[in-house]
Amino acid sequence: ADATNYNADATLDDGSCEYTCEYNGLTTVSNDGGSFQSEVSWTITDCSGAELMAGGAPFSECSDFDFSAGYVVNMNDSWGDGWNGNVLTVGADTYTLDAIADDGSSAQVVVGCPEIPGCMDADATNYNADATLDDGSCETIIVFGCQNDFYLEYNPEANLDDGSCNTLIVYGCMDLEAFNYN
């Protein structure tokens, strides 16, 4: 009687009973309901970024992940015009990619994950890849030097020009005997 396809008229159990994910203590994850389904893709990760599930539309599976611990939904549309009515359902929660509310090609929803303050600038010396909230603590090392690559003193590592550019590079022939000596 707990099966979704229960037949009260059946007199012999043929083994065809089907149950919902919730009946088995699992969470239903599905994506369906719209058009242009080949454009739809998504991933669900845990709060640390480890992928739990991925798919497109149509999709329907049971998951044993404890979604109450928090998760991140990344939604994509290859055409860039939103999901055209397709809806991702995770348990009782629903998500969709809207061409007007979102940029139409991608969106991310963070659900129940704790904020991790830190520097989110990958070029900073104290970059924290785990940070989810930029706390303004980013630090950079200042490298003085010539920033103009037309000079011999050019330093590609420099991020602050110190005025040390002196010797302009002039390309040309340096052979005194050549007719095109420069």
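Structure report, in brief. Small disclaimer: the values here were computed from a predicted structure and weren't measured.

### Structural notes on the sheet that holds strand S7 (residues 93-95)
Across the sheet, 4 strands lie side by side as S4-S1-S6-S7; this open sheet has antiparallel pairing. Of all strands in the sheet, those bounded by a partner on one side alone are strand S4 (59-63) and S7. Each strand axis lies, on average, 15° off the axis of its neighbour in the sheet, ignoring direction. Bridge count for strand S1 (residues 27-32) against strand S6 (residues 87-90) is 4 bridges, and the pairing is antiparallel. Within S6, the position partnered with aspartate 32 by the bridge is valine 87.

### Examining the nonpolar core
In this structure, Val29, Trp42, Ile44, Leu88 and Val90 are the most contacted members of the largest nonpolar core, which totals 17 residues. Ignoring sequence-local partners within four residues, the contact set of valine 29 consists of Trp42, Ile44, Met53, Phe59, Ser60, Glu61, Ser63, Phe67, Leu88, Thr89 and Val90.

### Topic: a nonpolar patch on the surface
Nonpolar side chains collect at one region of the surface, where Ile142, Phe144 and Leu160 lie side by side and expose about 300 Å² of accessible area between them. Along the chain, isoleucine 142 falls in the loop between strand S10 (133-134) and strand S11 (144-145).

### Description of the packing of aromatic side chains
For the coordinates displayed, the defined rule picks out 4 aromatic pairs. With centroids separated by 4.9 Å and ring planes inclined at 90°, the aromatic side chains of tryptophan 42 and phenylalanine 59 adopt a geometry described as edge-to-face. One end of the pair, tryptophan 42, is in strand S2 (residues 40-45); the other, phenylalanine 59, is in strand S4, and 17 residues separate them in sequence. The same class applies to tryptophan 42 and to phenylalanine 59, which are both buried. Between tyrosine 71 and tyrosine 95, the aromatic rings sit 6.4 Å apart at their centres with planes inclined by 85°, giving edge-to-face as the arrangement. In this pair, tyrosine 71 is assigned in strand S5 (residues 71-77) and tyrosine 95 in strand S7, connecting sequence segments 24 residues apart. One exposure class covers both tyrosine 71 and tyrosine 95, and it is buried.

Conventions used here
Residues numbered from 1 in each chain as written. Predicted model: local features only at pLDDT ≥ 70, side-chain atom pairs only at ≥ 80, totals over all residues. Heavy atoms only, no water. Pairing = 2+ DSSP bridges. Helix = DSSP H or I, 4+ residues; strand = E, 2+ residues; numbered from the N terminus. Axes fitted to C-alpha atoms, helices over the stretch in contact; angles between N-to-C directions. Core = buried A, V, L, I, M, F, W, Y, C linked by side-chain atoms within 4.5 Å. Buried < 20%, exposed > 50% of the residue type's maximum accessible area, 1.4 Å probe, protein only. Contact = heavy atoms within 4.5 Å. Patch = residues over 30% accessible without salt bridge, like charges linked within 9 Å, V, L, I, M, F, W, Y side chains within 5 Å. Areas by Shrake-Rupley, 256 points an atom, 1.4 Å probe, with all protein chains shown as cover. Salt bridge = Lys/Arg side-chain N within 4 Å of Asp/Glu carboxyl O. Phe/Tyr/Trp six-rings, centres within 6.5 Å; stacked < 30°, edge-to-face > 60°.

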